[in-house]
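The chain contents come next:
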Amino acid sequence: MRPARARRPLIGVLAMQGAFAEHVRALEKSGARTRLVRAPEDLEGLDGIVLPGGESTTMTMLMERTGLLKPLRRAISHGLATLATCAGMIVLARDVVDGMADQHGLGLLDIGVRRNGYGRQVDSFEAALDITGLGGKSFPGVFIRAPLVESTGSVEVIARHNGDAVAVRQGRIVALCFHPELTGDLRLHREFVKLAAS
Ligand code: GLN
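Description of the structure in this document.

So, how was this worked out
Residues numbered from 1 in each chain as written. Predicted model: local features only at pLDDT ≥ 70, side-chain atom pairs only at ≥ 80, totals over all residues. Heavy atoms only, no water. Near = heavy atom within 4 Å. Polar contact = N/O pair within 3.5 Å; in protein donor to acceptor, adjacent residues only side chain to side chain. Nonpolar A, V, L, I, M, F, W, Y, C, P; charged D, E, K, R; others polar. Pairing = 2+ DSSP bridges. Helix = DSSP H or I, 4+ residues; strand = E, 2+ residues; numbered from the N terminus. Axes fitted to C-alpha atoms, helices over the stretch in contact; angles between N-to-C directions.

1. A closer look at the site of the ligand
Logical step 1: Surrounding the ligand, one finds Gly53, Gly54, Glu55, Ser56, Cys86, Ala87, Ile90, Arg115, Asn116, Ile144, Arg145 and His179.
Logical step 2: Measuring from an oxygen atom of the ligand, one finds a backbone N or O atom of Ser56 at 2.5 Å.
Logical step 3: Ala87 has a polar backbone atom sitting 3.1 Å from an oxygen atom of the ligand.
Logical step 4: Here the shell around the ligand is built from residues that sort into four nonpolar, five polar and three charged.

Right, here's the structure in full:
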């Protein structure tokens, strides 16, 4: 039998800055317990973590300042289920183009991204996406100053937009260029809660 914890997994939401409150709501509606993560001790006992959208440069700087960067890198590389959206995807990526010179992120996800790679004229847009594993209906992808995935290594691309990867999976990591927490569609959060519980 599964431990009680796994039926209602505890998912941390990195709360340095950015769109973390919306993730908390979506995760709780999807059956998870949640905890805001602001310090290394907040990582204790988590089944999963969300790295939200926001500003990747600020997020990385604050993670360094609070001492979270290294323990978070260790936890994710040891298999902590991770959902990274937009700036979160940048923080997780192996290579970042157009970041700050001293932007040292987690470097765990085998992709190269260009910050704000969709260009100024299309700062924000919405696109219907077909995502592997979600079945049926397309998913409303809300892109806000999104990173462009320029290269992919050993990841599975689970959605594309105009030929470019916009959602990838690598083991227990799922990373998205867009913001599922800003739509009423809970399918990606529900899938992530299942992944964290497994
Ligand atoms: N452009 C932001 C960055 O570089 C990401 C935008 C977002 O998360 N919506 O971090």
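2. Notes on the sheet that holds strand β9 (residues 148-152)
Backbone hydrogen bonds hold the strands of a sheet together, and the pairing may be parallel or antiparallel.
Logical step 1: Read from one edge to the other, the open sheet built from three strands follows the order β5-β6-β9, with strand pairing classed as mixed. Strand pairing shows two members of the sheet lacking a second neighbour, β5 (93-97) and β9, which therefore form its edges. Shown here is a sheet whose adjacent strand axes are inclined to one another by a mean of 25 degrees, direction ignored.
Logical step 2: With four bridges joining them, strand β6 (residues 109-114) and β9 adopt antiparallel strand pairing. Bridge assignment links Val113 to a residue of β9, and that residue is Val149.

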